[in-house]
Amino acid sequence: MNNTQAFISENKERFLEELLDLLRIPSVSADPSFASDVNKTADEVAKRLTEAGADNVEICQTDGYPIVYADKIIDASLPTILVYGHYDVQPADPIGLWDSPAFEPVVKTTDIHPDGAIFARGACDDKGQMFMHVKAFESMMKADELPCNVKFMIEGEEEVGSMNLGIFVKNNHEKLKADVILVSDTGMLANDVPSITTGLRGLSYVEVEVTGPNRDLHSGLYGGCVANPINALAKMVASLHDENNHITIPGFYDKVVDLSDEERAEMAKAPFSKEAYCTALNIEDVMGEAGYSTPERGSIRPTLDVNGIWGGYIGEGAKTVIASKAYAKISMRLVPDQDPEEITNLFLNHFKSIAPTGTTVKVTPHHGGEPAVTPIDSLSYKAASMAYEKTFGTKPIPVRGGGSIPIVAMFEKELGLKSILMGFGLDSDAIHSPNEHFGLFNYYKGIETIPYFYSYFSTLLK
Ligand code: BES
Ligand code: MN
Ligand code: MN
């Protein structure tokens, strides 16, 4: 891998410039007004894969945004790595909170990233991390050191539920045949504490609508006499957690797999400073389910959170009105073996049952996804661990993640393949938030580490 590493160090500046170009295209999958940019991003990814030396570069059309496929099969008897990533990004809203425009990337230093970080929507999630794979592949190709076969599958709908990728995977078992799926769409603990994500939470996401009277009413004439849907919604939402912050939906925890004391003790070895955590978020103290630590609450335990709530008058000044309707968007993060559909149904029945007299409730489910765990005794974990140790000089820690990548469970079901989650972002990189960024250290470390994974994995699998 020496020529590969030399190629990387000689091309760092170009690798950065190319990523910045990719970040300038606003590939927001959730907002149809960006459709042409999302498609343009797929073209750009395909172009870069071609330049890197991939064969069979295809822009596979779907009912939504295209999936970019490419491969390099050097010898059918060698192992095959399937790289998954996404080129779509979250909306930049609220744009007023960005220090610089979301799609005009700039490099600035921060306390955590003294070598500089790229500020732009998608810098970390996932354009920056996806592009590390394109550049690592290019480097192995140019150095003539690609040790195995590789396939790329880069989608444009991850942030909106990967509906069409699910169909693509179902229909293309042969095309996607591989020995492992390699994903960089997660994080690690710190730049001097590398870690490998060994689990993702599932997701159940619902929108609720509470209706009271058939029209908006004068709050003086009718206030106190009819159910106010906003008051009702606030009460209903508040009742979803008890005084110990356990979720009150009957049956919600029935299928949760509890970790053994040994597993929890092992988890507790990962460094975590509550003080630093609180300082970074400017909060007095943490909050969450009784009996669990903050890292546990954020990974091995299920949660329920309101993501948005609205209704009534929110304009300038005061308008005295009782709204007819109130709304909320609610996410539930799930852990093995909770089933998203089952949880959505439990929520739906419970939420309807607690609606006060004089209100009706409508629950609309959005996209969800199943949780996933990946083993730490696999060859791919071993290879990844060795790769991190090689480039970071310290052995990575296995860590269960809190976010969701629903397609990981789907890969396992459909292709019978486990994923290895080699993420290089940090929790503080503000993904999905204003001022998202990705450290240059992290970007380059990723590009350097990936080729070692290829090489160790190929050797171990022989
Ligand atoms: N890359 C994230 C998921 C992630 C981030 C996992 C950090 C672990 C650590 C992904 O793009 C994402 O945002 N997923 C969504 C779910 C999806 C169905 C919209 C999420 O977790 O909210
Ligand atoms: Mn992502
Ligand atoms: Mn995301």
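Residues numbered from 1 in each chain as written. Chains lettered and ligands numbered in written order. Predicted model: local features only at pLDDT ≥ 70, side-chain atom pairs only at ≥ 80, totals over all residues. Heavy atoms only, no water.

## Remarks on the coordination of the manganese ion (ligand 3)
Expected angles at a metal are 109.5 degrees for tetrahedral coordination by four donors and either 90 or 180 degrees for octahedral coordination by six donors. Formally: In this analysis a donor is any N, O or S atom within 2.8 Å of a metal ion (3.2 Å for sodium, potassium and calcium), and since water is not included, sites may seem incomplete. Tetrahedral means four donors with every angle between 85 and 135 degrees, whereas square planar (four donors) and octahedral (six donors) require angles over 155 degrees between opposite donors and between 65 and 115 for all others; sites fitting neither are termed irregular. Numbering of helices and strands starts at the N terminus; helices are DSSP runs of H or I of at least 4 residues and strands are runs of E of at least 2.
Protein-derived coordination of the manganese ion (ligand 3) comes from D125 (OD), E159 (OE), E159 (OE) and H432 (NE2), at a distance range of 2.0 to 2.6 Å. One way to put it: the six donor atoms around the manganese ion (ligand 3) meet at angles of 55 to 154 degrees, and that makes the site irregular. Read in sequence order, the donor residues for the manganese ion (ligand 3) give the motif D-x33-E-x272-H. A gap of 3.6 Å separates the manganese ion (ligand 3) and the manganese ion (ligand 2), which D125 links by coordinating each metal. Of this pair, E159 sits in the loop between β6 (149–155) and α5 (163–171) while H432 sits in the loop between β17 (419–421) and β18 (437–439); the two residues are 273 residues apart in sequence, bridging distant segments of the chain.

## Here we look at the coordination of the manganese ion (ligand 2)
Our working rule: Residue burial is assigned from relative accessible area. The probe radius is 1.4 Å, only protein chains are included, and a residue is buried under 20% of its type maximum, exposed over 50%, and partly exposed in between.
All of the protein donors around the manganese ion (ligand 2) are H86 (NE2), D125 (OD), D185 (OD) and D185 (OD); their distances to the metal are 2.0 to 2.4 Å. Coordination at the manganese ion (ligand 2) comes from six donor atoms whose angles at the metal span 56 to 166 degrees, giving a geometry best classed as irregular. Of note, the manganese ion (ligand 2) draws all its donor residues from one chain, in the sequence arrangement H-x38-D-x59-D. Judged by relative accessible area, D185 falls into the buried class, the value being 12%.

## Some words on the domain arrangement of the protein chain
To be explicit about the condition: These domain boundaries are the output of an automatic or database domain assignment. We call two residues in contact whenever any of their non-hydrogen atoms come within 4.5 Å of each other. Summed over both partners, the accessible area lost on bringing two parts together, with a 1.4 Å probe, is the buried area. What counts as a salt bridge is simple: a side-chain nitrogen of Lys or Arg found within 4 Å of a carboxyl oxygen of Asp or Glu.
The domain boundaries assigned to the protein chain delineate domain 1 (2–200 + 372–461) and domain 2 (202–256 + 302–369). At the interface, nine residues of domain 1 touch seven residues of domain 2. Summing the contributions of domain 1 and of domain 2, the shared interface buries around 550 Å²; its carbon and sulfur component is 56%. Here domain 1 and domain 2 share zero salt bridges between them.

## A short note on the sheet that holds β18
The condition is simple: Two strands are said to pair when DSSP picks up at least two bridges between them. A fitted line through C-alpha atoms serves as each axis, taken over the contacting stretch for helices, and the angle formed by two N-to-C directions is quoted from 0 to 180°.
Read from one edge to the other, the open sheet built from three strands follows the order β4-β5-β18, with strand pairing classed as antiparallel. This sheet does not close on itself; its edge strands, each paired only once, are β4 (106–108) and β18. Averaged over all adjacent pairs, the angle separating strand axes in this sheet is 30 degrees, with direction ignored. By the bridge criterion, three bridges tie β4 to strand β5 (residues 117–119) in an arrangement that is antiparallel. The residue of β5 that forms the bridge with V107 is I118.

## Looking at the side chain of E209
Applicable threshold: As used in this structure description, the phrase polar contact means that two N or O atoms lie within 3.5 Å; if the pair is within protein, one of them must be able to donate a hydrogen and the other to accept it, and residues adjacent in sequence are counted only when both atoms belong to side chains.
Structurally, E209 can be placed in strand β9 (residues 202–211). Taking the relative accessible area as the measure of exposure, E209 reaches 18% and is therefore buried. Within the structure, E209 has its side chain in polar contact with the side chain of K325 (distance 3.2 Å). The contact partners of E209, leaving out residues within four places of it in the chain, are K325, A326, Y327, T360, V361 and K362.

## Focus on the site of ligand 1
Counted only if it meets this: In these notes, residues near a molecule or strand are those with any non-hydrogen atom within 4 Å of it. Each accessible area is a Shrake-Rupley estimate made with a 1.4 Å probe; only the visible protein chains count as cover when residues are assessed. Under the scheme applied here, ten amino acids are nonpolar (Ala, Val, Leu, Ile, Met, Phe, Trp, Tyr, Cys and Pro), four are charged (Asp, Glu, Lys and Arg), and all others, including Gly, are polar.
Near ligand 1 you find 15 residues, and of these E158, D185, R333, S404 and H432 are the closest. Between ligand 1 and the protein, one listed contact pairs an oxygen atom with a side-chain N or O atom of E159 at 3.1 Å. In isolation ligand 1 offers 530 Å² of accessible surface; the protein chains occlude 88% of this area. For the shell around ligand 1, the class distribution of residues is four nonpolar, six polar and five charged.

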